[in-house]
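Observations on chain architecture
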Amino acid sequence: MSSSISMKEDLKSRLEKAGTNLVVIDFFAVWCGPCKIIGPKIEELSKELQDVVFLKIDVDECEDLAAEYDIASMPTFVFIKEGKVLETFAGANYDKLKSTIQKHK
């Protein structure tokens, strides 16, 4: 199950809590069509991959985090492990999302 992040401090503690597990951040917007399409698929993945931490950040609610991660379009996925950004990509591409998770797991 993915968790919603509402503040920078919340994200920091979730990243620390993840330990060595891969963290996938989904930067989305409620008005974004592609975000709505891929959203349910992300939920399925989060149930399937229990060792991966899935976080959702609404770019309109968390403009500071969107700016910090240089988010220009939605959805954008940021892959983090042990506090380091491994990869980032934009677009509702489920196959790419799944393969990128497998690559960094």
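Under an unreviewed UniProt entry, the chain has the name Thioredoxin and belongs to Ooceraea biroi. In UniProt, the chain has this text filed under Sequence similarities (unreviewed entry): "Belongs to the thioredoxin family."

Some words on unusual backbone geometry
Cis geometry marks the peptide bond from Met74 to Pro75, where omega comes out at -10 degrees. If you trace the backbone, Pro75 turns up in the loop between α3 (63-68) and β4 (76-81). We note that Asp70 has phi near 55 degrees; this positive angle belongs to a residue other than glycine. By the element assignment, Asp70 lies in the loop between α3 and β4. Overall, the relative accessible area of 68% leaves Asp70 in the exposed class.

Looking at the UniProt feature "active site" (unreviewed entry) in the chain
Within the UniProt annotation, "active site" (unreviewed entry) is assigned to Cys32 and Cys35. Tracing the backbone through its elements, the reader meets Cys32 in the loop between β2 (22-28) and α2 (33-48). The contact partners of Cys32, leaving out residues within four places of it in the chain, are Met74 and Pro75. Within the fold, Cys35 resides in helix α2. Not counting chain neighbours up to four residues away, the residues in contact with Cys35 comprise Phe28, Ala29, Met74 and Pro75.

Here's the deal with the nonpolar core
Grouped burial of nonpolar side chains is what soluble globular proteins tend to show. Residues Leu11, Ile25, Phe27, Ile57, Leu65, Tyr69 and Ile71 are the most contacted members of the largest nonpolar core, which totals 22 residues. Residue contributions to this core peak at four residues, all from β2. Core analysis: the next-biggest nonpolar cluster, separate from the first, contains 13 residues, Ile42, Leu49, Phe77 and Phe79 among them.

Some remarks on the environment of Tyr69
As for its placement among the helices and strands, Tyr69 is situated in the loop between α3 and β4. With a relative accessible area of 19%, Tyr69 lands in the buried category. Each C-alpha atom, one on Tyr69 and one on Asp51, is 23 Å from the other, the two residues being 18 residues apart in sequence. Sequence-distant contacts of Tyr69, defined by excluding residues within four places in its chain, comprise Leu11, Leu15, Phe27, Val78, Ile80 and Val85.

What counts and how
Residues numbered from 1 in each chain as written. Predicted model: local features only at pLDDT ≥ 70, side-chain atom pairs only at ≥ 80, totals over all residues. Heavy atoms only, no water. UniProt positions renumbered as here; feature names shortened; annotations may be inferred. Helix = DSSP H or I, 4+ residues; strand = E, 2+ residues; numbered from the N terminus. Buried < 20%, exposed > 50% of the residue type's maximum accessible area, 1.4 Å probe, protein only. Contact = heavy atoms within 4.5 Å. Core = buried A, V, L, I, M, F, W, Y, C linked by side-chain atoms within 4.5 Å.

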